[in-house]
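# Summary of the model geometry
The chain contents come next:
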Amino acid sequence: MMTTTTPPAPAGTESVPGPPVTRAARVRRRLNSPIATGASILIAVLWTVPTFGLFVSSFRPEDEIKTTGWWTAFSNPQFTLQNYQEVLFGRSASSGQLAGYFINSLVITIPSVLFPLAFAALAAYALAWMNFKGRDWIYIAVFALQIVPLQMALVPLLSFFSEGVSLGGIELMPAWNLDDEEKFVQVWFAHTCFALPVAVFLLHNFISQLPKDLMEAARVDGATHPKIFRSIVLPLIVPALAAFGIFQFLWVWNDLLVALIFAGGGSETAPLTVRLAELAGTRANEWQRLTSGAFISIVVPLIVFLSLQRFFVRGLLAGGVKG
Amino acid sequence: MEFADEAPKLLMLLYGLIAFAVVVGGLLVLLDVVPNWFARRREAALVAASAEGSAVAAGPRPRRRSVVNRPEGVLALFFLLPTLLLLAIGLVVPAVRTTVLSFMDGGSDNWVGLANYKWMFAQDEILGILTNTLIWVVLVPLVATTIGLVYAVLVDRARFESAAKALIFMPMAISFVGASIIWKFVYAYRSGEYDQIGLLNQVWVMVGGEPQQWLNNPPLNTLLLIVIMIWIQAGFAMVVLSAAIKAIPNDVVEAARLDGVNPWQMFWQITLPSIRPALIVVVVTVSIATLKVFDIVRTTTNGNFDTGVIANEMYNQAFRFGQTGQGSALAVFLFVLVIPIVIYQVRSLRKQREV
């Protein structure tokens, strides 16, 4: 992708002697015209203001949020951490009690990232560098599964957990009958299954581009596939693993649908998103809780995203389409 | 927060991590053992063969394939096993089962033929939902891609390019639920005699309007929900397209400049054709995401006030009303809508691999 050479001097440095003021320079100046700058600033402001408003509001006292617009906070500044205290640790059932849900989100997310990462790396390696019949067909099938909507799998997968599998009256697989905290297992399982097609695709794109000479040299030296995978491939694909890891982290942390169905709404397993959606439905005017609660759910992915943005962008550019 | 309440959760996390270590570690060990076992068996066979070979001295030499091209089916199976097993249990079998369920009644006891599909196209309410989904799928990719493209072109090589991009890209990190709350706050309503707390109503009042309950008035409310999705997806479009623009070879751009094209022509005749593949990826990805939009509708209006979409209705039918058949039919319909995309993608993938 990095075929662009050093970008030509920006418009501001035109006085530097060099290429005379050609048409090219004129074009560049026109592109950097005030209208273009204005338009980009306008879009940037439109995109930022809603989040900024939520952020400011989350620090305002309850009666202020409910009676005046957040933009008045600058002429009449009153800020407090009370909303966060209340929504995270408050005792009353209506207060949110988000601290517990925050932990649920973490417990759901970590294994849901690790499992697909490991399984997909193995599969992607086999699909890229091993010889066997039907390799292309398996790859194409996995690729196509990316686009199948999750909705197609939800009802049967839930009954798989709650009723087991029986065929013609013979029980092939008993029900899992998971209660309370044990339901995390269901959520991990579902997230892992749903993530695999994208994960295999992204990692395959990366692994198949490793130099062929390297692989053949290792083979001729007598290294077995598992050895090549562990000692050559794994260290080389760390950036790709990071890219997919972030991708999957954001996806799982931000997911509502899978959690709603497989974790249920109880405080034992439901993640932040489920709780927030519930608060938004039942306490739609308690803005002091919604603003601070929403911000709590946003802050972790935002940190992950901003600190690892480079990897994430690389993952996106490798072309993942999540199903 | 009571620690006693949290301890079992953390214990589950610990179990999960142990399970991960055991499964993945075990798999790697197994993978080490299997090839050795094969090697030993091959050796044993060779020894046996050479023992016999002394008798049949001039027999044909055992066919040796090169190390690199030997088929490795059994070993590959071990690499692929977890993935294939999970995909079968988690996606393939359930998808087939959902298709079967869509021809059965709510309790999945009796066959009803096409009744669930007839229901879908006969109910005004469901037709409204299908129409809404269509509006979403047309507007979101179109507007999000356009805004992303325009922004990518505008900030390309500008002074604060990476900061400017991060601002637009940020919503990608925010959950749909979080985004919905952010925008619900923008659309918040208080009746006319009070100060407004929602930005949209404040602006509306400032230009002389009466405060509106924006999310309760169809068809405008669907458009306002679409705004949320556009807000999220434009960043994605912008990043992918921006990378594509940067990958256009410099000499092409320079040559065009020497020919004296103006920025407008440059955009339509050079930039746009060069980034066509990226543009297709963006439109396809955003369309698929939009088709399945669920969180936004559920968090803001829960599908009330004529804002429902297929994914939301599918959830309601299957998981709230216990109408498994109707819910499955909606899921299958969603799947049918993406089949052309699947075929297109598979075809372009195969073309890519043949090259």
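Everything quoted here is computed from the prediction, not taken from an experiment.

## Focus on the overall build of chain A
On a plain count of helices and strands, chain A comes out with 15 helices and two strands. For chain A, the proportion of its 323 residues judged to be buried stands at 46%. Long-range contacts, defined as pairs at least 24 residues apart, comprise 71% of the intrachain contacts of chain A with a sequence gap of at least 6.

## Section: the overall build of chain B
Helix and strand counts for chain B come out as 14 helices and zero strands. Secondary structure of chain B in N-to-C order comes out as α-α-α-α-α-α-α-α-α-α-α-α-α-α. Against the globule reference of 20 Å for 355 residues, chain B gives a C-alpha radius of gyration of 29 Å, more extended than a compact globule. The dimensions of chain B, computed from C-alpha atoms along their principal axes, are 105 × 70 × 55 Å. A burial count over chain B gives 39% of its 355 residues as buried. Taking contacts inside chain B between residues at least 6 apart in sequence as the whole, the part at least 24 apart equals 67%.

## Quick notes on the domain arrangement of chain A
Residue and element names in this part refer to chain A. When its domains are assigned, chain A resolves into domain 1 (27-89) and domain 2 (95-317). Put simply, the middle of domain 1 and the middle of domain 2, counted by C-alpha atoms, are 33 Å apart. Tallying the contact residues gives 13 residues for domain 1 and 13 residues for domain 2. When contributions to the side of domain 1 that touches domain 2 are tallied by element, the ones reaching two or more residues are helix H2 (34-57), helix H3 (62-67) and helix H4 (82-89). Ranked by residue count, the leading element in the side of domain 1 that touches domain 2 is H4, at six residues.

## Some points on the interface of chain A and chain B
Every contact between the two is made by 104 residues of chain A and, on the other side, 105 residues of chain B. Element by element, the count of residues in the side of chain A that touches chain B is highest for helix H5 (residues 98-129) of chain A, at 16 residues. When its residues are assigned to classes, the side of chain A that touches chain B shows 72 nonpolar, 24 polar and eight charged.

## Focus: the UniProt feature "transmembrane region" (unreviewed entry) in chain A
The feature "transmembrane region" (unreviewed entry), as given by UniProt, occupies residues 35-56, 101-125, 137-161, 188-207, 228-250, 256-277 and 289-308 of chain A in the numbering adopted here. A distance of 8 Å separates the end C-alpha atoms of residues 256-277 of chain A, which is 55% helix and 0% strand.

## Describing the domain arrangement of chain B
By the assigned domains, chain B splits into domain 1 (3-51 + 66-101) and domain 2 (115-176 + 213-354). A straight line from the C-alpha centre of domain 1 of chain B to that of domain 2 of chain B covers 37 Å.

## Quick word on helix H13 (residues 310-320) of chain B
Residue and element names in this part refer to chain B. With respect to burial, H13 is a largely interior element, eight of its 11 residues being buried. Taken residue by residue, H13 has Ile-310, Ala-311, Asn-312, Glu-313, Met-314, Tyr-315, Gln-317 and Ala-318 as its buried positions. Just downstream of H13 lies Gly-322, where phi reads positive at about 65°.

## Observations regarding the packing of helix H6 (residues 176-186) of chain B against helix H8 (residues 220-246) of chain B
All names here are of chain B. Two numbers describe how H6 lies on H8: the axes approach to 10 Å, and their chain directions differ by 125°. Classified by the interaxial angle, the pair formed by H6 and H8 is oblique. In the crossing of H6 with H8, the sense of the turn from one axis to the other is right-handed. In this structure, H6 contributes Ala-179, Ser-180 and Trp-183 to the contact, and H8 contributes Ile-228, Trp-231 and Ile-232. The residue inventory of the contact of H6 with H8, partitioned by class, reads five nonpolar, one polar and no charged.

## Quick word on the environment of Arg60(A)
Locating Arg60(A) in the fold gives a position in the loop between H2 and H3. What Arg60(A) contacts, discounting residues up to four positions off in sequence, is Ile65(A), Trp70(A), Ala73(A), Gln78(A) and Phe79(A).

## A few points about the nonpolar core
Leu203(A) and Leu241(B) are the most contacted members of the largest nonpolar core, which totals 179 residues. Among the elements that take part in this core, H5(A) stands out by supplying 19 residues, more than any other. Residues in contact with Leu203(A), not counting those within four places in the same chain, are Ala120(A), Ala121(A), Ala124(A), Ile237(A), Ala240(A) and Phe244(A).

## A few points about the UniProt feature "domain: ABC transmembrane type-1" (unreviewed entry) in chain B
Under the UniProt annotation, the feature "domain: ABC transmembrane type-1" (unreviewed entry) is placed at residues 130-347 of chain B. Structurally, residues 130-347 of chain B comprises 73% helix and 0% strand, and the distance from its first C-alpha atom to its last is 28 Å.

## Re unusual backbone geometry
Cis peptide bonds are those with omega within 30 degrees of zero, and the linkage from Pro218(B) to Pro219(B) qualifies with 0°. Among the structural elements, Pro219(B) can be located in the loop between helix H7 (199-206) and H8.

## Points about the packing of helix H7 (residues 151-163) of chain A against helix H2 (residues 73-101) of chain B
As a packed pair, H7(A) and H2(B) sit with axes 7 Å apart at the nearest point and diverge in direction by 90°. The pairing of H7(A) with H2(B) is recorded here as roughly perpendicular in orientation. Contact with H7(A), carried on its side by Met152(A), Ala153(A), Val155(A), Pro156(A) and Leu157(A), involves Gly90(B), Leu91(B), Pro94(B), Ala95(B), Arg97(B), Thr98(B) and Leu101(B) of H2(B) and no other residues of that element. Looking at side-chain class alone, the contact of H7(A) with H2(B) contains nine nonpolar, two polar and one charged residues.

## A word on the environment of Phe89(A)
If you trace the backbone, Phe89(A) turns up in helix H4. As for Phe89(A) and Pro50(A), which are separated by 39 residues in sequence, their C-alpha atoms are 26 Å apart.

## Describing H8(B)
With 27 residues, H8(B) should reach 39 Å at 1.5 Å per residue; the first-to-last C-alpha distance of 38 Å fits that figure. Where H8(B) bends most, at Gln233(B), the angle is about 30°.

## Side note on the UniProt feature "transmembrane region" (unreviewed entry) in chain B
Residues and elements named next belong to chain B. In this numbering, the UniProt entry assigns the feature "transmembrane region" (unreviewed entry) to residues 12-34, 73-96, 134-154, 166-186, 223-245, 266-289 and 328-346. Annotation note: span residues 12-34, helix share 100%, strand share 0%, distance between end C-alpha atoms 32 Å. Between the C-alpha atoms that bound residues 166-186 there is a distance of 22 Å. The span itself is 71% helix and 0% strand.

## As for the confidence of the model for chain A
Residue and element names in this part refer to chain A. Of all residues in chain A, 84% have pLDDT values of 70 or greater, and the mean over the chain is 81. Helix H1 (residues 23-31) is the least confidently modelled element of chain A, averaging 50 in pLDDT, while H5 averages 93, the highest of any element. A low-confidence stretch, residues 1-21 (pLDDT under 50), is modelled with 19 contacts involving residues beyond four sequence positions or located in other chains.

## Thoughts on the confidence of the model for chain B
Residue and element names in this part refer to chain B. Confidence along chain B averages 85 in pLDDT terms, with 93% of residues attaining 70 or more. Per-residue pLDDT stays below 50 along residues 56-65; that stretch engages in three contacts with residues further than four places along the chain or on separate chains. Both scores are available for the predicted complex, with the pTM at 0.85 and the ipTM at 0.85.

Conventions we followed
Residues numbered from 1 in each chain as written. Chains lettered and ligands numbered in written order. Predicted model: local features only at pLDDT ≥ 70, side-chain atom pairs only at ≥ 80, totals over all residues. Helix = DSSP H or I, 4+ residues; strand = E, 2+ residues; numbered from the N terminus. Buried ≥ 20, exposed ≤ 12 C-beta atoms within 10 Å, placed from the backbone. Contact = placed C-beta atoms within 7 Å. Rg over C-alpha atoms; globule rule 2.2 N^0.38 Å. Domains from an automatic or database assignment. Nonpolar A, V, L, I, M, F, W, Y, C, P; charged D, E, K, R; others polar. UniProt positions renumbered as here; feature names shortened; annotations may be inferred. Axes fitted to C-alpha atoms, helices over the stretch in contact; angles between N-to-C directions. Parallel < 35°, antiparallel > 145°, perpendicular 65-115°, else oblique. Left-handed = near helix turned anticlockwise from the far one by under 90°. Core = buried A, V, L, I, M, F, W, Y, C linked by C-beta atoms within 7 Å. Expected span 1.5 Å × (residues − 1). Bend = angle between axes of the 7 residues up to and from the residue. pLDDT = per-residue confidence, 0-100.

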